[in-house]
Amino acid sequence: MNHITLEQWLAGQNPALAATLGAIMQSCARISDAVALGALVDLHGSADASNTHGEVQKKLDLFADDCLARALAACDHVAAWASEEHDDPTISEDHGNQGEYLVLFDPLDGSSNIEANISVGTIFSVLAHPYRGTTPGDAGFLQPGRKQVAAGYVVYGPSTVLMLSCGQGVSAFTLDHRDGQWRQTRENVQISPQTREFAINSSNQRFWEKPVQRYVAECLAGEAGPRARDFNMRWVASMVAEVHRIFSRGGVFLYPRDTKEPRKAGRLRLMYEAAPMAFLIEQAGGAAVTGTQSLLDMIPDTLHQKVPVILGSREEVELIVRYHADPNENVSSQLFKTRSLFVQPHA
Ligand code: F6P
Ligand code: MN
């Protein structure tokens, strides 16, 4: 493959969008260096502060947030941005009226894993500024995920890799640390429609709803159960790493609605975690749902809204959606008396 640079690839996009993505990616290259240096530059540990969700902020969370905010403030095309780390959006001092885009981001997803040296990442979403000529305010951001102009994430792992879509498929770019360039390493990435691998935090099992209980029980039953095949399970506790695994070998990721905190609809945030990931997954032929609804069709109520997330290999996600729709959902105990849900043993 000819490893064209991100700059060359962006030359094929609308120039304002190219400049906006260029600014985000320059910040991500700096964040990559900081993540790699970690304790050497005193960036490990807590910042002794918490965000709007009550989560402890790490020093690297704040470093990454600041890097992105500075780059977006300097970009002529960005009217405002919103981050997991701030209650309210920030309006650009210089471009709040005329900037074409709004940017949302989770500056450092999975940051509880930093000291354990497990992969973390940045997730971002780009929307059109719907009220150009005036500043956007909160309402300008509350657009369904399907309206994203671009979305992507960077995973800071053994390699630093960007997965990016501007609505025409998904491309991967690897950061070349020898010269600081992002180079394309995959194009038109597709997610296999079938899988034998699922990811869920099983410590929450007692809080799951019936469709998810049923789905996981059937996977765990393996070859002797209704799915008639063995499954593998993974849980990294870093969404970017889970989604990246799905982009490389398929799989399904679930952070479903549960009854642990009944007032919250889920664990993950719609606007800067679920929606950009759903956009990328659908662009690669996968599916992304709440269980009953497409994530990209959800109209957000608030900037920091939480949602249930089920995404990955299309056929597996469709099966989970059918379980949510099935009124006889609580039939797991009977299922194991027969070999298969779909094929009667003596038929
Ligand atoms: O940003 C939220 C997040 O850290 C995700 O990256 C990850 O998938 C999830 O939370 C981990 O949740 P838990 O702590 O329940 O394993
Ligand atoms: Mn996150």
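This one's a predicted model, so the numbers in the text were calculated from it and none came from an experiment.

### Thoughts on the sheet that holds strand S6 (residues 120-128)
Here comes step 1: Pairing within the open sheet is mixed, and its eight strands lie in the order S4-S3-S5-S6-S7-S8-S9-S10. Strands with a single pairing partner mark the edges of an open sheet, and in this sheet they are strand S4 (90-91) and strand S10 (181-186).
Here comes step 2: With six bridges joining them, strand S7 (residues 150-156) and strand S8 (residues 160-165) adopt antiparallel strand pairing. Each residue of the ladder has a partner; that of Val154, found in S8, is Leu162.

### Quick notes on the pairing of S7
Here comes step 1: In terms of residue burial, S7 counts as a mostly covered element, since seven of its seven residues are buried.
Here comes step 2: Where S6 and S7 come together, seven bridges link them in antiparallel fashion. Residue pairing for S7: Thr122 is matched across the bridge by Val154.
Here comes step 3: Hairpin geometry of S7 and S8 is characterised by an intervening segment of three residues between the two adjacent antiparallel strands.

### Notes on the packing of helix H5 (residues 210-221) against helix H8 (residues 314-325)
Here comes step 1: At a minimum axis distance of 8 Å, the contact between H5 and H8 shows a crossing angle of 135 degrees. Considered as vectors, H5 and H8 are oriented oblique to each other. In this structure, H5 meets H8 at a crossing whose hand is right-handed. Each of Pro211, Val212, Arg214, Tyr215 and Glu218 in H5 lies in contact with H8, whose residues at this interface are Glu316, Leu319, Ile320, Tyr323 and His324.
Here comes step 2: The residue makeup of the contact of H5 with H8, split by class, is six nonpolar, one polar and three charged.

### Concerning the sheet that holds strand S15 (residues 287-289)
Here comes step 1: Read across the open sheet, the five strands follow the order S12-S11-S13-S17-S15; overall the sheet is mixed. The open sheet has two edge strands with one neighbour each: strand S12 (232-234) and S15. Direction aside, the axes of adjacent strands within the sheet are offset by 15 degrees on average.
Here comes step 2: Each of strand S13 (252-255), S15 and strand S17 (309-312) touches H8; the most contacted strand, S17, lies at about 150 degrees to it.

### Some thoughts on the nonpolar core
Here comes step 1: Grouped together as the largest cluster of nonpolar side chains are 45 residues, with contacts concentrated most on Tyr153, Phe247 and Leu311.
Here comes step 2: Each of two domains, domain 1 (6-186) and domain 2 (197-329), supplies a minimum of three residues to this core.
Here comes step 3: Among residues more than four places away in sequence, those in contact with Tyr153 are Thr122, Ile123, Phe124, Val161, Leu162, Met163, Val240, Val243, His244, Phe247, Met277 and Leu280.
Here comes step 4: In this structure, Ala23, Cys28, Val103 and Val120 belong to the second largest nonpolar core, which totals 42 residues.

### Focus: a nonpolar patch on the surface
Here comes step 1: Taken together, the side chains of Leu37, Leu40 and Val41 make up a nonpolar region of the molecular surface, amounting to roughly 300 Å² of accessible area.
Here comes step 2: Tracing the backbone shows Val41 in the loop between helix H2 (15-37) and strand S1 (46-50).
Here comes step 3: Note on Val41: relative accessible area 40%, which makes it partly exposed.

### Looking at H8
Here comes step 1: Taking 1.5 Å per residue as the helical rise, H8 with its twelve residues ought to reach 16 Å, and the 17 Å between its terminal C-alpha atoms agrees with that figure.
Here comes step 2: Every buried residue of H8 is accounted for by Glu316, Val317, Leu319, Ile320, Tyr323 and His324. Along the long axis of H8, the arc covered by the buried residues comes to 155 degrees, so they all point the same way.

### Looking at the site of ligand 1
Here comes step 1: Neighbouring residues of ligand 1: 13 residues in total, closest Asp109, Trp235, Met239, Tyr255 and Glu273.
Here comes step 2: A distance of 2.8 Å is found between an oxygen atom of ligand 1 and a side-chain nitrogen or oxygen belonging to Asp109.
Here comes step 3: Within the contact set of ligand 1, an oxygen atom lies 3.2 Å away from a side-chain nitrogen or oxygen of Arg269.
Here comes step 4: Residue composition of the shell around ligand 1, grouped by class: six nonpolar, three polar and four charged.

Criteria and cut-off values
- Residues numbered from 1 in each chain as written.
- Chains lettered and ligands numbered in written order.
- Predicted model: local features only at pLDDT ≥ 70, side-chain atom pairs only at ≥ 80, totals over all residues.
- Heavy atoms only, no water.
- Pairing = 2+ DSSP bridges.
- Helix = DSSP H or I, 4+ residues; strand = E, 2+ residues; numbered from the N terminus.
- Buried < 20%, exposed > 50% of the residue type's maximum accessible area, 1.4 Å probe, protein only.
- Axes fitted to C-alpha atoms, helices over the stretch in contact; angles between N-to-C directions.
- Parallel < 35°, antiparallel > 145°, perpendicular 65-115°, else oblique.
- Left-handed = near helix turned anticlockwise from the far one by under 90°.
- Contact = heavy atoms within 4.5 Å.
- Nonpolar A, V, L, I, M, F, W, Y, C, P; charged D, E, K, R; others polar.
- Core = buried A, V, L, I, M, F, W, Y, C linked by side-chain atoms within 4.5 Å.
- Domains from an automatic or database assignment.
- Patch = residues over 30% accessible without salt bridge, like charges linked within 9 Å, V, L, I, M, F, W, Y side chains within 5 Å.
- Areas by Shrake-Rupley, 256 points an atom, 1.4 Å probe, with all protein chains shown as cover.
- Salt bridge = Lys/Arg side-chain N within 4 Å of Asp/Glu carboxyl O.
- Expected span 1.5 Å × (residues − 1).
- Arc of directions from axis to C-beta.
- Near = heavy atom within 4 Å.
- Polar contact = N/O pair within 3.5 Å; in protein donor to acceptor, adjacent residues only side chain to side chain.

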